[in-house]
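Here is what each chain is made of, one letter per residue.
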Amino acid sequence: MLKAIILIGGPMKGTRFRPLSLELPKPLFPVAGFPVIYHHIEACSKLSDLREIILIGFYQPNDALNKFISQSQVEFQVQIRYLQEYSGLGTAGGLYHFRDQIMTGGPEMFFVMNADVCGDFPLQDMLDSHRALPSSAICTVLATEATRQQSLTYGCIVENKDTHEILHYVEKPETFVSTTINCGIYLFTPEIFQPLEVAFKKNLEENYSFDYQVPSKEVIRLEQDVFLPMAATATLFVFHTSQFWSQIKSAGAAIYANRHYLAIYKRTHPERLTLNSEGKPKITGDVFIHPSAQVHPTAVLGPNVTIGRNVTVGEGVRVRESIILEGATLQDHCCILHSIIGWHSTVGFWTRVEGTPNDPNPNKPFAKLEIPSMFTEDGRLNPSITVIGSSVQVPSEVIILNSIVLPHKDLSGCYKNQIIL
Amino acid sequence: MKALILVGGYGTRLRPLTLSIPKPLVEFGNKPMLLHQLEALVDAGVKQIVLAVSYRAEQMEQQLKHVEEELGCKITISLESEPLGTAGPLALAREILSQDDEPFFVLNSDIICDFPFKDMIKFHKHHGKEGTIVVTKVDEPSKYGVVVYQPENGQIEKFVEKPLEYVSNKINAGMYIFTPSMLKRIQLRPTSIEKETFPEMAGDGNLFAMELQGFWMDVGQPKDFLTGMCLYLTSLKHRQPQTMHTGAGIVGNVLIDPSAKIGSNCRIGPNVTIGPGVVIEDGVCIKRCTVLRGAHIKSHSWLESCIIGWSCVVGNWVRMENVSVLGEDVIVKDELYINGGRILPHKSIGESVPDPQIIM
């Protein structure tokens, strides 16, 4: 039997996702109508032998997470548990800490998936491929291609082209190593706990200082502390995918993921995409509208739009390449482009809310989403997706361009290229 | 009586509109700018009007042919082969202007106000000297040339160009009435009436100032064109309230040509002028704008402080603001944002203009 582990991190992680992550843990942020980790869970649930999904992270117990877990259990008919780390233990620390829970029931193999990546994960193919590997194989790492320059911001893999054994692994190298990058999705056999134990104990020896003024770091990182020594020992292997994959670190990435997950629905869940029909809003491209949303028939939506639960879309509203979160109201004639409108916010009449996408360079094959820094060299805000936080009142007839608005703000005029606290 | 209107040249400050037609023919309040002045002059008894032009005389002549008949006056174009400044054109038109002893008007073509021509005649004949200048009060006199005069009788003492310290808040409003004998002072060469002729006339006590009542604006550039439009509409509301448009979705002073079509759920006004044949689709909000003949504004767009040129097409969900000006036949695609853009004629805009820019 199989298990899947999703590493969901904690509130200290995912700060680039603020202000959206101020109200809701990032893994629960809805992309294409469903939380990020819902898509992970859905992918796992397709595996026939999957018996349990374990979420590991260091969020305090909260209603949103509990509710999500109980709903998902019912929907996917699989046991889902949240194991809370006592403090952030790193991408490998949690695995080692909860090794007994993970091994309960004697799983043959288990997936480990990062919650801050999204994609069309080929889990069954990874499984089949791993089963065909030599018996020394402990881990298969899902990998994809990137451009030479962008590869420097990921974990780079050097492999034996014939056997797909990983010969060398470097996390975020300074100089070019390889265009093959780590996707943050792994398949392990229980033997992984041996190198994990070695890394854990080595870390304790080096860092446990009994100094109450300098807290010990019990962080073990899978990439730097475990994979590096495992390279070239015939235990670590790579599985290539060219299907959609992206990190989801910023609001811009959420919009990008939104677009790709909506596109995947055409194949996997066509019933989730809205079609054009008489007396209904005009739809272009892929659009998801929650059944409880009220959308005026003269609105024009899409492409790549998600309308959340209980959203109200007024007369003559235009929404394109955007996510409208639960309870928001878009008043008549407003225009929302490349933006995220937060929970229960209101956008006034004729108002224009516009952001700038950070899409991958279309001229470069394998180009990944750009992650530009927040500010330019001369201190100005880099144009990016406009994010309206939760419970924000955006007045009528204004323009909000390339700006980020924190929650519970009543705006009073136009804003461009600003962060509004 | 006679009048000379200083039309001048290229109207460069009102580009891109003046790339298509000469400035006096640009419609202000749904009527060519020149026509506002011509009608007021004819109403005050002027029978012959000379237009001092240095550019595009033929196009003006064409358009003005039927105006002569309608108004019952004679219009002559005086073409400067070289620019003669603001006084030189008077010398060029000397023969017509000195046909008799009656005083004649001289006007700047960019001026919009409640033209006080009848009062000017009375005032001028009362003091009996060579010249009367109309002055108006402004908020920022240091941007202009200030006129210093005796408050009892209006006799002008001097002019101060762009004073560094406060001198007076009255400036030259660009409207004059002269006795033909003053033409002796002007030669046929480039001459500035403000800098050369007036100081001379003031020096020998021959120049008087008459204060203008009511609004005044030099509408030679887009920002002032729009401000002037607001003042003009306020004045029109008082004088001829029946010309103002009222009804659902109309806010404040709005002038709409009867042949224009307005869609449902629009909000038009305050301070909007809509020309003949204009089509405004549903859900459009327009404030403080002039929309010229034949333009088409598509649904759910929002326009504030703009001039939309003849036959333009503005797409759906477009936002335009901050004195954007579209020249003739410009197409703005759907869902764009134009902030202070000046777009030259016949251009198709497919990308937003988020910061003030000229698009050629």
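Residues numbered from 1 in each chain as written. Chains lettered and ligands numbered in written order. Predicted model: local features only at pLDDT ≥ 70, side-chain atom pairs only at ≥ 80, totals over all residues. Heavy atoms only, no water.

> What should I look at first to understand the overall build of chain B in this one?
The helix and strand inventory of chain B stands at seven helices and 31 strands. If you line up chain B on its principal axes, its C-alpha atoms span 65 × 45 × 40 Å. Considering only contacts within chain B whose residues lie at least 6 apart along the sequence, 51% involve residues at least 24 apart. Computed over 36 positive and 42 negative side-chain charges, the separation of the two mean positions in chain B equals 2 Å. (Helix = DSSP H or I, 4+ residues; strand = E, 2+ residues; numbered from the N terminus. Contact = heavy atoms within 4.5 Å. Lys, Arg positive; Asp, Glu negative; His and termini not counted. Charge placed at Lys NZ, Arg CZ, Asp CG, Glu CD.)

> Hey, could you run me through the UniProt feature "domain: Nucleotidyl transferase" (unreviewed entry) in chain A in this one?
In the numbering used here, UniProt assigns the feature "domain: Nucleotidyl transferase" (unreviewed entry) to residues 3-207 of chain A. Summarising residues 3-207 of chain A: 32% helix, 30% strand, and an end-to-end C-alpha distance of 32 Å. (UniProt positions renumbered as here; feature names shortened; annotations may be inferred.)

> What is the right way to read a nonpolar patch on the surface from this model?
All names here are of chain A. Taken together, Met374, Phe375, Ile419 and Leu421 make up a surface patch of nonpolar side chains, about 400 Å² in accessible area. With respect to the element layout, Leu421 can be found in the segment after strand 32 (419-420). For Leu421, a relative accessible area of 72% puts it in the exposed group. (Patch = residues over 30% accessible without salt bridge, like charges linked within 9 Å, V, L, I, M, F, W, Y side chains within 5 Å. Areas by Shrake-Rupley, 256 points an atom, 1.4 Å probe, with all protein chains shown as cover. Salt bridge = Lys/Arg side-chain N within 4 Å of Asp/Glu carboxyl O. Buried < 20%, exposed > 50% of the residue type's maximum accessible area, 1.4 Å probe, protein only.)

> Sorry if this is basic, but what is going on with the packing of aromatic side chains here?
Working definition: an aromatic ring pair is given by the centre-to-centre distance plus the angle between the planes. All names here are of chain A. Considering all chains together, one arrives at 24 aromatic pairs over all chains under this definition. Pairing Tyr186 with Phe227 gives two aromatic rings, centres 5.1 Å apart and planes at 75 degrees, and the pair type is edge-to-face. With Tyr186 in strand 11 (residues 180-188) and Phe227 in helix 8 (residues 222-230), the pair connects residues that are 41 residues apart, well separated along the chain. Overall, Phe227 belongs to the buried group, its relative accessible area being 0%. Here the aromatic rings of Phe244 and Tyr256 are separated by 6.1 Å at their centres, their planes lie at 70 degrees, and the arrangement is edge-to-face. (Phe/Tyr/Trp six-rings, centres within 6.5 Å; stacked < 30°, edge-to-face > 60°.)

> Would you mind going over the sheet that holds strand 30 (residues 404-405) of chain A with me for this structure?
Residues and elements named next belong to chain A. In space, the seven strands of this open sheet follow the order 15-18-21-24-27-30-32, with parallel pairing throughout. The strands lining the two open edges of the sheet, one partner per strand, are strand 15 (287-289) and strand 32. Sheet analysis places strand 30 next to strand 32, joined by two bridges and oriented parallel. Looking across to strand 32, one finds that Ile404 is bridged to Ile419. (Pairing = 2+ DSSP bridges.)

> Is there a simple way to explain the pairing of strand 8 (residues 131-137) of chain B in this structure?
Walk down a regular strand and you will see the side chains alternate between the two sheet faces. Residue and element names in this part refer to chain B. Judged by how many residues are buried, strand 8 sits mostly within the fold: six of seven residues are covered. Judged from the five bridges that link them, strand 8 and strand 12 (residues 207-211) form a sheet pairing that is parallel. Directly across from Gly131, in strand 12, lies its bridge partner Leu207.

> Mind showing me how you'd approach the UniProt feature "domain: Mannose-1-phosphate guanyltransferase C-terminal" (unreviewed entry) in chain B here?
As recorded in UniProt, the sites labelled "domain: Mannose-1-phosphate guanyltransferase C-terminal" (unreviewed entry) are residues 250-359 of chain B. Secondary structure content for residues 250-359 of chain B is 0% helix and 42% strand, and the end C-alpha separation is 32 Å.

> Explain the interface of chain A and chain B here, please?
Interfaces are frequently sized by the accessible area removed from exposure as the parts join. Each partner contributes to the interface: chain A provides 19 residues, whereas chain B provides 18 residues. Considering only the side of chain A, the residues that lose the most area to chain B are Trp350(A), Arg352(A) and Glu397(A), jointly responsible for 45% of the buried surface there. Linking chain A with chain B are four salt bridges, by the criterion used here. In this structure, Glu397(A) and Lys287(B) form a salt bridge, with 2.4 Å as the shortest nitrogen-oxygen distance. (Buried area = accessible area lost by both parts, 1.4 Å probe.)

> For this particular structure, what's the right way to read the environment of Leu292(B)?
Residues and elements named next belong to chain B. Examined against the element boundaries, Leu292 turns out to sit in the loop between strand 20 (290-291) and strand 21 (296-297). For the pair Leu292 and Lys125, spaced 167 residues apart in sequence, the C-alpha to C-alpha distance is 41 Å. Those residues in contact with Leu292 that sit more than four places away from it in its chain are Leu17, Glu27, Val278, Ile307, Ile308, Gly309 and Trp310.

> Whenever I open this one, the confidence of the model for chain A confuses me. Can you help?
For residues with low pLDDT, the predicted coordinates do not support detailed interpretation. Confidence in the prediction of chain A, expressed as mean pLDDT, is 92, and 100% of residues score 70 or more. At the low end of the mean pLDDT range in chain A sits helix 1 (residues 20-23) of chain A, at 86; at the high end sits strand 22 (residues 329-330) of chain A, at 98. (pLDDT = per-residue confidence, 0-100.)

> Is there a simple way to explain the sheet that holds strand 17 (residues 272-274) of chain B in this structure?
Sheet strands pair by backbone hydrogen bonding; their relative direction is either parallel or antiparallel. Residues and elements named next belong to chain B. Read from one edge to the other, the open sheet built from seven strands follows the order 14-17-20-23-26-29-31, with strand pairing classed as parallel. Each edge of the open sheet carries a strand with a single partner, namely strand 14 (254-256) and strand 31 (357-359). Pairing analysis gives three bridges linking strand 29 (residues 341-343) to strand 31, with the strands arranged parallel. Residue pairing across strands places Gly341 opposite Gln357, the latter belonging to strand 31. Running at roughly 90 degrees to strand 23 (residues 306-308), helix 7 (residues 222-239) makes contact with strand 14, strand 17, strand 20, strand 23, strand 26 (324-326) and strand 29 of the sheet. (Axes fitted to C-alpha atoms, helices over the stretch in contact; angles between N-to-C directions.)

> Is there a simple way to think about the layout of surface pockets in this case?
Residues and elements named next belong to chain A. Of the volumes computed, that of the largest pocket is approximately 980 Å³. In terms of lining residues, the largest pocket is bounded by 41 residues, among which Lys13, Thr91, Asn114, Asp116 and Lys249 are the most central. Here the residues of the lining of the largest pocket sort into 16 nonpolar, 15 polar and 10 charged. If you trace the second largest pocket, you find 26 residues lining it, with Leu28, Pro35, Gln71, Arg309 and Glu326 closest to the centre. Mapped onto the lining of the second largest pocket, the elements with two or more residues apiece are strand 3 (34-35), helix 3 (63-76), strand 18 (305-307) and strand 21 (323-324). With seven residues, the top contributor of residues to the lining of the second largest pocket is helix 3. For the lining of the second largest pocket, a count of residues per class yields 14 nonpolar, seven polar and five charged. (1 Å grid on protein atoms, 1.4 Å probe; cavity = no way out; pocket = protein on both sides within 12 Å on 5 of 7 lines; lining within 4 Å. Points joined across faces, edges and corners; volume = space filled by probe spheres on them. Nonpolar A, V, L, I, M, F, W, Y, C, P; charged D, E, K, R; others polar.)

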